[in-house]
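Observations on the model geometry
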There are 6 protein chains.
Amino acid sequence: VIRAMSSSSSSPTSPYTTLAVSRPAESITHVELNRPEKRNAMNRAFWSEMVECFNEIAADPDSRVVVVSGAGKIFTAGIDLMDIAGDVLQTDGDDTARTSWNIRNTIVKYQETFSVIEKCPKPVIVAIHGACVGGGVDLVTACDIRLCTQDAWFQVKEVDIGLAADVGTLQRLPKVIGSRSLVNELALTARKMYADEAKSSGLVSRVFADKDAMMAGALEMAGEIAARSPVAIQGTKVNLVYSRDHSVAEGLNYMATWNMSMLQTHDVMKSAQAAMEKKSPKSVTFSKL
Amino acid sequence: VIRAMSSSSSSPTSPYTTLAVSRPAESITHVELNRPEKRNAMNRAFWSEMVECFNEIAADPDSRVVVVSGAGKIFTAGIDLMDIAGDVLQTDGDDTARTSWNIRNTIVKYQETFSVIEKCPKPVIVAIHGACVGGGVDLVTACDIRLCTQDAWFQVKEVDIGLAADVGTLQRLPKVIGSRSLVNELALTARKMYADEAKSSGLVSRVFADKDAMMAGALEMAGEIAARSPVAIQGTKVNLVYSRDHSVAEGLNYMATWNMSMLQTHDVMKSAQAAMEKKSPKSVTFSKL
Amino acid sequence: VIRAMSSSSSSPTSPYTTLAVSRPAESITHVELNRPEKRNAMNRAFWSEMVECFNEIAADPDSRVVVVSGAGKIFTAGIDLMDIAGDVLQTDGDDTARTSWNIRNTIVKYQETFSVIEKCPKPVIVAIHGACVGGGVDLVTACDIRLCTQDAWFQVKEVDIGLAADVGTLQRLPKVIGSRSLVNELALTARKMYADEAKSSGLVSRVFADKDAMMAGALEMAGEIAARSPVAIQGTKVNLVYSRDHSVAEGLNYMATWNMSMLQTHDVMKSAQAAMEKKSPKSVTFSKL
Amino acid sequence: VIRAMSSSSSSPTSPYTTLAVSRPAESITHVELNRPEKRNAMNRAFWSEMVECFNEIAADPDSRVVVVSGAGKIFTAGIDLMDIAGDVLQTDGDDTARTSWNIRNTIVKYQETFSVIEKCPKPVIVAIHGACVGGGVDLVTACDIRLCTQDAWFQVKEVDIGLAADVGTLQRLPKVIGSRSLVNELALTARKMYADEAKSSGLVSRVFADKDAMMAGALEMAGEIAARSPVAIQGTKVNLVYSRDHSVAEGLNYMATWNMSMLQTHDVMKSAQAAMEKKSPKSVTFSKL
Amino acid sequence: VIRAMSSSSSSPTSPYTTLAVSRPAESITHVELNRPEKRNAMNRAFWSEMVECFNEIAADPDSRVVVVSGAGKIFTAGIDLMDIAGDVLQTDGDDTARTSWNIRNTIVKYQETFSVIEKCPKPVIVAIHGACVGGGVDLVTACDIRLCTQDAWFQVKEVDIGLAADVGTLQRLPKVIGSRSLVNELALTARKMYADEAKSSGLVSRVFADKDAMMAGALEMAGEIAARSPVAIQGTKVNLVYSRDHSVAEGLNYMATWNMSMLQTHDVMKSAQAAMEKKSPKSVTFSKL
Amino acid sequence: VIRAMSSSSSSPTSPYTTLAVSRPAESITHVELNRPEKRNAMNRAFWSEMVECFNEIAADPDSRVVVVSGAGKIFTAGIDLMDIAGDVLQTDGDDTARTSWNIRNTIVKYQETFSVIEKCPKPVIVAIHGACVGGGVDLVTACDIRLCTQDAWFQVKEVDIGLAADVGTLQRLPKVIGSRSLVNELALTARKMYADEAKSSGLVSRVFADKDAMMAGALEMAGEIAARSPVAIQGTKVNLVYSRDHSVAEGLNYMATWNMSMLQTHDVMKSAQAAMEKKSPKSVTFSKL
């Protein structure tokens with residue numbers, strides 16, 4: 001299976017230059033950061049392709065769950081400073097206000113690159129091996145489930161290049177792990193965090209011995225999710241994201257309004273029947289969503 | 001003491017068919033899920049009785065702290081699908097909109113069943129042994145302190161029956177444990193989480209060897225809370241719940257407005273006096289609240 | 001270095017009676033709770049001096065990071081009940097409403113004592129040894145990074161003296177550690193939490209063998225922070241605090257608006273240059289902020 | 001019709017002592033404040049009966065719209081100070097904190113008396129003649145549509161009896177009329193506002209010559225509302241109340257989630273058909289909701 | 001000028017079938033609803049073209065202000081029920097949940113059609129003559145400034161076709177006019193509101209005798225806006241929209257962060273100089289934004 | 001009385017150079033913008049003195065209500081561009097980020113100048129004659145009640161000098177008047193609004209023939225407020241400001257928590273007694289607050 005995933009990466013039909021998109025198993029989409037020779041650094045093309053890619057996945061009824069990983073030796077070295085320096089650092093304008101205006105437009109565009117991951121109603125599992133630096137942390141904190149290898153490490157690198165991280169880490173990292181002291185330490189000192197601390201702090205929920213084991217684990221977990229009712233799964237993701245940003249009372253109100261229609265799915269009957277017959281959800285066929 | 005709790009469960013005067021309510025020690029109310037032959041599954045009666053029960057506790061000055069546990073072999077198997085299927089799954093209406101309207105009313109009513117736990121100003125300790133499935137997770141996340149036995153396990157079961165959990169888990173679970181990746185994994189895969197992970201993730205704050213040890217521990221902790229000023233304890237719960245759903249600045253503002261009157265209690269003088277005399281808070285008698 | 005820190009504490013020029021303020025290394029401010037003979041209990045003077053002290057630090061371009069610690073045997077015994085009893089407990093007024101009004105003014109003033117720590121844009125590392133009780137917990141939860149010694153312990157003491165904690169613990173503790181069950185247990189039972197649990201729960205991000213090791217560690221971490229671009233560091237703190245109290249979307253919007261000007265700093269070029277030359281950020285000289 | 005409404009007020013079956021409830025026309029419920037000899041002052045019974053009455057209306061599929069008015073010479077003199085003084089002003093408790101706690105419970109209960117009006121999904125038209133004082137303003141600002149007679153006047157009376165209005169006026173009045181300066185003036189000086197200013201400020205949307213004309217107008221308007229699809233009407237009220245308390249983006253999100261089921265009503269086809277045939281909505285028969 | 005606007009409407013190069021876009025004067029974009037033979041009813045194409053059109057305007061530095069109006073006899077008859085019925089009313093899905101999911105996607109897409117107007121940082125003046133019905137009200141409430149002719153009328157028509165308005169009216173109308181009673185009456189009864197009431201209620205800020213006078217007035221106002229610093233104008237719009245949805249304190253914080261760069265524009269010096277020389281802002285040339 | 005107010009303005013003891021502070025009647029503080037020869041333009045001193053002045057008033061138990069007006073021919077010409085240009089427009093910094101940082105500090109400081117008005121719990125009546133331009137609008141929208149003379153006019157002037165208003169107008173103006181279209185028109189075109197439109201739009205609640213009449217009216221209204229219970233009056237202001245920035249449910253919760261102590265004032269009994277004896281509130285003597 002892993003081979004299938006890797007080989008499909010070189011699919012000649014992929015419309016992307018920085019991503020390899022494949023279907024390793026039914027209903028599972030694999031998105032691979034695919035500039036291994038550049039350590040999957042995020043260049044100008046990447047920032048657009050991610051948006052296009054996830055909007056497509058969001059609309060594709062044949063895709064029910066996404067696995068994101070990196071080709072080559074590491075997950076990602078983060079932003080490709082050389083390639084995008086012009087966008088951000090040499091932005092022009094007739095005066096400071098106009099330069100600021102243009103920079104803001106760029107930041108907003110770049111933020112959207114990772115926000116599409118959480119707007120996509122299909123769950124996104126990210127599988128991280130080796131280095132995950134700078135923009136990589138922004139990316140993985142926007143995913144739903146984080147897995148890593150024993151040799152993985154994470155670095156909120158931005159202060160090292162003179163700026164406050166502005167495409168998601170400062171907003172999402174504190175909401176994905178429970179220790180505020182650790183979040184602050186990582187963001188203010190740019191120190192590396194290794195797999196064990198990533199696990200104990202809750203950044204990742206599982207650590208695997210190596211990339212092969214992790215990819216197998218990611219696919220298996222994706223398979224579990226893909227086998228369940230897409231009405232249930234996608235409703236769960238939408239409401240988990242919603243509840244993160246709202247009070248419990250607000251979240252409950254939204255949930256009730258959501259489910260007043262979503263409970264009217266045949267999936268409930270099919271699933272309940274299977275449950276009562278002690279069958280696995282995997283034995284049930286659900287309509288696409 | 002445990003025996004007292006168990007025997008009182010069979011009190012002939014209990015007005016409930018699904019709950020056994022007793023007073024194992026002064027100021028402590030014990031609420032036991034009490035359909036052991038049905039694995040404490042939540043049937044139609046349960047959803048109403050919880051509301052009635054906790055509203056009564058909220059108004060009872062003789063009750064200062066609550067312990068919730070399950071009778072029999074497990075904490076709860078969750079929703080009693082057979083009994084309530086009609087309520088939710090076979091809701092009728094003249095058209096889809098009207099059916100949705102009726103379903104929404106039911107969901108809102110069911111949500112209230114657990115929200116009463118956090119609206120009740122008395123702290124609620126929940127002691128979980130064996131399985132805690134589906135609606136059980138909704139219930140325990142609405143409690144203030146979670147304890148479990150070594151053999152306990154938790155399962156966010158809803159996706160397995162084709163729906164997104166809608167009576168609290170998706171709203172509260174992310175706010176009671178720090179690892180977002182874990183929350184998402186549990187809710188999207190319906191996998192079981194055992195006691196050790198429940199402890200390391202922070203879902204429970206203590207694990208006990210068995211149910212007897214846990215009940216003793218729960219009662220001891222309840223005793224600590226019951227011995228302290230009810231003005232202090234209940235004000236603490238109210239403001240902890242408030243601050244979960246508000247910014248720090250909002251929480252501080254509310255707290256100041258709360259305490260401008262609550263500091264004018266004799267309990268402060270009594271407690272301070274005891275503290276200065278190196279006496280335990282337990283030696284002080286506080287008026288009821 | 002430690003000696004320098006200690007000796008400077010006795011600086012004759014310090015304008016404070018409860019704090020010793022020194023500069024142990026370039027750009028680092030050390031604020032020491034300095035009433036060791038009173039176990040650093042927070043007396044009336046303390047509540048004002050903290051505000052004055054942190055407002056000064058906030059405005060001082062020569063200070064880029066703050067270390068807070070306690071002189072003597074413990075970090076702090078918390079509020080000095082004897083000294084401030086009059087302020088809070090014997091507040092007068094012509095009737096209950098007027099008394100309440102006056103109490104509220106006092107609480108609001110006391111809350112500000114710790115809120116200045118998070119309003120100060122310079123990161124604040126707090127180093128805790130021995131006891132950290134009551135008001136001490138309010139203080140440390142308002143700091144950005146928490147370190148402690150192996151012999152440290154924490155106690156949310158307020159319920160023991162008959163009141164709900166009202167200067168920050170109930171608002172900030174749940175946002176700095178991930179286990180809600182633990183937060184509630186600590187606040188409702190006033191039990192002590194020791195260093196190991198403080199680490200595993202995420203309250204502190206590092207535990208040191210003793211105070212000397214901790215102070216050396218704190219200074220080293222402060223040095224790492226002080227060496228980086230103050231535009232990056234202070235922007236990071238400001239936005240981390242902002243994002244705690246806002247949804248992800250709100251946080252991203254604010255961040256983009258913040259960085260549209262902040263990216264126009266020479267620090268980015270200087271830092272990027274150093275990074276490309278594989279030099280440490282410490283080799284770069286940044287203008288003051 | 002008016003006579004029908006009045007006579008039905010004396011219906012022997014009414015379960016209320018302070019309210020007369022009748023059905024002046026199909027699907028219209030008329031709730032009359034009915035202690036004319038006491039100028040419809042709000043006594044202890046009133047505060048409970050309102051809750052019971054509106055909860056019943058909310059659940060009654062035969063009621064689609066509500067008209068509220070006052071029997072006798074004026075709409076209401078407000079709170080019945082004599083009758084409820086004990087509840088609020090002579091609340092007891094063992095100390096100030098406990099007294100405060102009890103007072104708070106009473107206020108919360110009284111607030112609910114008017115909040116039920118906006119929680120009821122059926123639109124509520126209030127028709128005001130003569131004086132509308134104190135608690136009367138709290139009541140009418142919780143209604144959806146306000147009509148008055150030329151001789152009506154409004155008075156936010158609470159400062160005159162030494163307290164800040166606490167059952168809704170300070171929260172709702174600023175959200176129902178556009179001039180903040182006027183709101184503040186009314187609440188701080190307790191001056192009377194007459195019908196013309198009530199109309200020009202937008203507090204009421206129509207002024208009628210006398211009570212008979214107003215009641216006829218109210219019934220006619222109620223008829224218009226009752227004739228339309230209850231799915232459309234009640235969804236409109238629910239979302240108007242929701243949007244008042246949320247940002248536009250939040251409101252739109254909720255609306256989309258609401259209507260994803262509600263558009264699946266036969267009422268749309270029926271209504272659209274009638275519209276295309278140039279028939280009045282009144283010619284269509286809708287199922288109950 | 002009016003002629004210029006009309007003739008340009010028929011520009012052969014317009015990429016839109018439902019909109020005519022022209023430049024009646026420097027920096028002013030005129031967007032005309034242009035299906036006069038269909039009473040400018042909003043058909044399927046319209047919902048997409050609006051998004052495309054306003055995104056283009058947002059990015060066009062030569063456009064500083066927008067005027068929206070309707071070609072032909074009326075502003076708009078609202079939604080083109082015939083054309084879009086399929087989208088919304090005959091949405092298909094394998095079960096109710098899937099149908100709901102698809103309907104929701106459509107509603108969200110349609111909501112975006114008007115939200116682009118307020119996301120566009122250039123001010124949008126809407127000039128309304130004759131009927132403005134249903135979707136027309138959704139559209140105009142998303143614009144910044146509303147003008148109308150003496151013969152204009154407005155109708156929140158949705159309840160007449162069996163649904164709650166779901167593309168903006170229920171969210172925005174209460175925030176653009178001050179009388180909540182009037183808003184509710186309009187939305188619940190679908191009655192027409194004529195120009196005089198539109199003016200006195202604040203829905204429009206000016207009423208003109210006829211369309212020619214209104215278009216001249218709109219263009220003149222647009223000219224005033226276009227002549228001023230685009231940094232000032234667009235910053236004003238962005239912050240007015242922001243402050244509508246936030247508390248005053250939040251709005252001030254955002255504003256300060258916005259202006260820390262925007263004040264560094266040459267426009268301030270140029271404008272201040274002109275002001276001191278008693279020259280009109282129109283005499284100053286500002287760089288594009 | 002007016003003479004008293006004017007003469008007291010020249011009080012030799014006033015600590016301010018831009019404000020004249022006097023006590024025209026018991027419990028009433030009159031704050032006069034007092035640089036008539038400079039048309040009360042807001043210079044550097046003004047921005048500090050306002051803060052000092054209102055903080056003093058907030059703490060002064062002898063002051064229960066404030067009247068603000070302008071000495072000389074007009075209310076205020078707004079910001080004194082000459083005097084403060086250096087602060088804002090010539091802010092220095094080693095790079096753009098540092099300049100932005102410094103500008104932000106200045107804006108925040110200036111915002112506080114008007115925010116103190118609403119943080120002061122005593123109601124503030126502002127009486128405006130002649131021109132009220134730029135910063136003047138920021139000031140008056142932060143006051144509670146606005147009165148003006150027939151010759152008054154208002155101008156949101158900021159776009160004319162190349163900037164978006166950043167000290168309160170864009171945040172507060174939309175919340176004090178009901179017509180959003182008018183707010184936007186005023187802010188985007190900088191056109192003047194005269195007294196009649198100020199009245200009809202609700203910006204002011206009363207218009208007087210001339211300044212003498214207005215000052216008499218302001219004093220009379222201030223007298224009404226000053227005569228009432230300060231517990232009631234100040235609680236009303238605090239909660240009106242709170243409810244502006246919160247949902248109705250949040251506002252009610254805060255109100256209940258506020259009044260649980262504030263109802264325990266002797267003022268209620270004194271006021272109720274007076275009311276029952278048909279005496280004016282003015283006949284009652286209340287303790288200071």
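Because the structure is a prediction, the values reported are computed rather than measured.

**Overview of the overall build of chain A**
- Counting secondary structure elements, chain A contains twelve helices and nine strands.
- Principal-axis analysis of the C-alpha atoms gives chain A an extent of 65 × 45 × 40 Å.
- Going through the 289 residues of chain A one by one, you find that 68% of them count as buried.
- For chain A, the share of sequence-separated contacts (at least 6 apart) that also reach a separation of at least 24 residues comes to 69%.
- Of the roughly 9,400 Å² of accessible surface on chain A, 52% is carried by carbon and sulfur atoms.
- Here chain A contributes 31 positively and 33 negatively charged side chains, and the mean placements of these two sets differ by 4 Å.

**Regarding the interface of chain B and chain A**
- Taken together, the contact between chain B and chain A spans 46 residues of the former and 50 residues of the latter.
- Buried surface at the junction of chain B and chain A, summed over both partners, amounts to about 3,900 Å²; 64% is from carbon and sulfur atoms.
- When the buried area of chain B at its contact with chain A is split by residue, Q171, R180 and L188 of chain B rank highest and sum to 18% of it.
- Joining chain B to chain A, the criterion identifies two salt bridges.
- One salt bridge connects R228 of chain A with D160 of chain B, and the closest N-O pair in it is separated by 2.5 Å.
- Within the residue set of the side of chain B that touches chain A, elements represented by two or more residues are α3 (81-88), α4 (96-119), α6 (169-176) and α7 (180-189) of chain B.
- Ranked by residue count, the leading element in the side of chain B that touches chain A is α4 of chain B, at eleven residues.
- Residues of the side of chain B that touches chain A, tallied by class, amount to 21 nonpolar, 14 polar and eleven charged.

**Some thoughts on the packing of aromatic side chains**
- This structure, assessed with the given rule, holds 42 aromatic pairs over all chains.
- Ring geometry for W101 of chain B versus W258 of chain D: centroids 5.9 Å apart, planes at 85°, classification edge-to-face. With W101 of chain B in helix α4 and W258 of chain D in helix α11 (residues 248-262), this pair bridges two chains.
- The buried category is assigned to W101 of chain B, whose relative accessible area is 11%.

**A look at the nonpolar core**
- In this structure, F54 and L139 of chain A together with F54 and L139 of chain F are the most contacted members of the largest nonpolar core, which totals 127 residues.
- Per-element tally for this core: the top contributor is helix α4 (residues 96-119) of chain A, with eight residues.
- Discounting residues that sit within four places of it in the chain, L139 of chain A has contacts with L33, M42, F46, M50, V68, F75, F114 and I117 of chain A.

**Re the interface of chain B and chain C**
- Taken together, the contact between chain B and chain C spans 50 residues of the former and 45 residues of the latter.
- Buried surface at the junction of chain B and chain C, summed over both partners, amounts to about 3,900 Å²; 64% is from carbon and sulfur atoms.
- When the area that chain B buries against chain C is broken down by residue, the three leading residues are L240, V248 and L252 of chain B, summing to 17%.
- If you look at where chain B meets chain C, you find 20 residue pairs in polar contact (both at pLDDT 80 or more).
- Looking at the side of chain B that touches chain C, the elements with two or more residues in it are β6 (145-149), α6, α9 (211-226), α10 (230-244), α11 (248-262) and α12 (266-276) of chain B.
- By residue class, the composition of the side of chain B that touches chain C is 24 nonpolar, 18 polar and eight charged.

**Notes on helix α9 (residues 211-226) of chain C**
- With 16 residues, α9 of chain C should reach 22 Å at 1.5 Å per residue; the first-to-last C-alpha distance of 22 Å fits that figure.
- When α9 of chain C is considered as a whole, its buried residues turn out to be M214, M215, G217, A218, L219, M221, A222, I225 and A226 of chain C.

**Quick look at the sheet that holds strand β5 (residues 131-133) of chain F**
Residue and element names in this part refer to chain F.
- A sheet is described by the order of its strands in space; here three strands give the open sequence β5-β7-β8, paired in mixed fashion. Both edges of this open sheet fall to β5 and β8 (192-194), since each of them pairs with a single strand only. Strand-to-strand, the axes of this sheet are offset by a mean angle of 20°, without reference to chain direction.
- As paired strands, strand β7 (residues 153-155) and β8 are joined by three bridges and run antiparallel to one another. The partner of Q155 across the bridge, within β8, is K192.

**Quick look at the sheet that holds strand β1 (residues 19-25) of chain A**
All names here are of chain A.
- Read across the open sheet, the six strands follow the order β1-β2-β3-β4-β6-β9; overall the sheet is mixed. Of all the strands in the sheet, just β1 and β9 (206-208) have a single pairing partner and so form its edges. Within the sheet, the average angular offset between the axes of one strand and its neighbour, ignoring direction, is 25°.
- Examined bridge by bridge, strand β3 (residues 65-70) and strand β4 (residues 124-128) share three bridges and lie parallel to one another. The partner of V68 across the bridge, within β4, is V126.
- Contacting β1, β2 (28-33), β3 and β4, helix α2 (residues 44-59) runs over the sheet at an angle of about 30° to β1.

Parameters at a glance
Here the residue numbering is sequential within each chain, running from 1 through the sequence in written order. Chain letters start at A and ligand numbers start at 1, both assigned in the order the entries are written. Given that this is a predicted model, residues contribute local features only at a pLDDT of at least 70 and side-chain atom pairs are listed and counted only at 80 or more, while totals for whole chains, interfaces and linings are drawn from all residues. Note that the side-chain values use all heavy atoms of the structure and ignore hydrogens as well as water. Secondary structure follows DSSP: runs of H or I at least 4 residues long count as helices, runs of E at least 2 residues long count as strands, and numbering of each begins at the N terminus. Throughout, exposure labels follow a simple rule: accessible area from a 1.4 Å probe, protein chains only, divided by the maximum for the residue type, with under 20% read as buried, over 50% as exposed, and the rest as partly exposed. Between two residues, a contact is recorded if the distance between any of their heavy atoms is within 4.5 Å. In these tables, accessible area is a Shrake-Rupley quantity obtained with a 1.4 Å probe, and a residue counts as shielded only by the protein chains included in the view. The charge count includes Lys and Arg as positive and Asp and Glu as negative, but it does not include His or the ends of the chains. For this purpose, a charge sits on NZ of Lys, CZ of Arg, CG of Asp or CD of Glu. Put simply, buried area is how much 1.4 Å-probe accessible surface two parts lose in total, over both of them, once they are put together. Salt bridges are defined as contacts in which a side-chain nitrogen from Lys or Arg sits within 4 Å of a carboxyl oxygen from Asp or Glu. Residues are sorted three ways: Asp, Glu, Lys and Arg are charged, Ala, Val, Leu, Ile, Met, Phe, Trp, Tyr, Cys and Pro are nonpolar, and all the rest, Gly among them, are polar. Each pair of aromatic rings taken from Phe, Tyr and Trp, with Trp reduced to its six-membered ring, is defined by centres within 6.5 Å and is described as stacked if the planes are under 30 degrees apart, edge-to-face if over 60, and tilted in the remaining cases. As used in this record, nonpolar core signifies buried Ala, Val, Leu, Ile, Met, Phe, Trp, Tyr and Cys residues forming a set joined through side-chain atoms within 4.5 Å. Under this definition, polar contacts are N or O atom pairs within 3.5 Å; protein pairs additionally need one hydrogen-donor-capable and one acceptor-capable atom, and for neighbouring residues in sequence, both atoms have to be side-chain atoms. One less than the number of residues in a helix, times 1.5 Å, gives the span that helix is expected to have. When DSSP locates at least two bridges between a pair of strands, those strands are taken to pair. Interaxial angles span 0 to 180 degrees and are taken between N-to-C directions of axes, which are lines fitted to C-alpha atoms, for helices over the stretch in contact.

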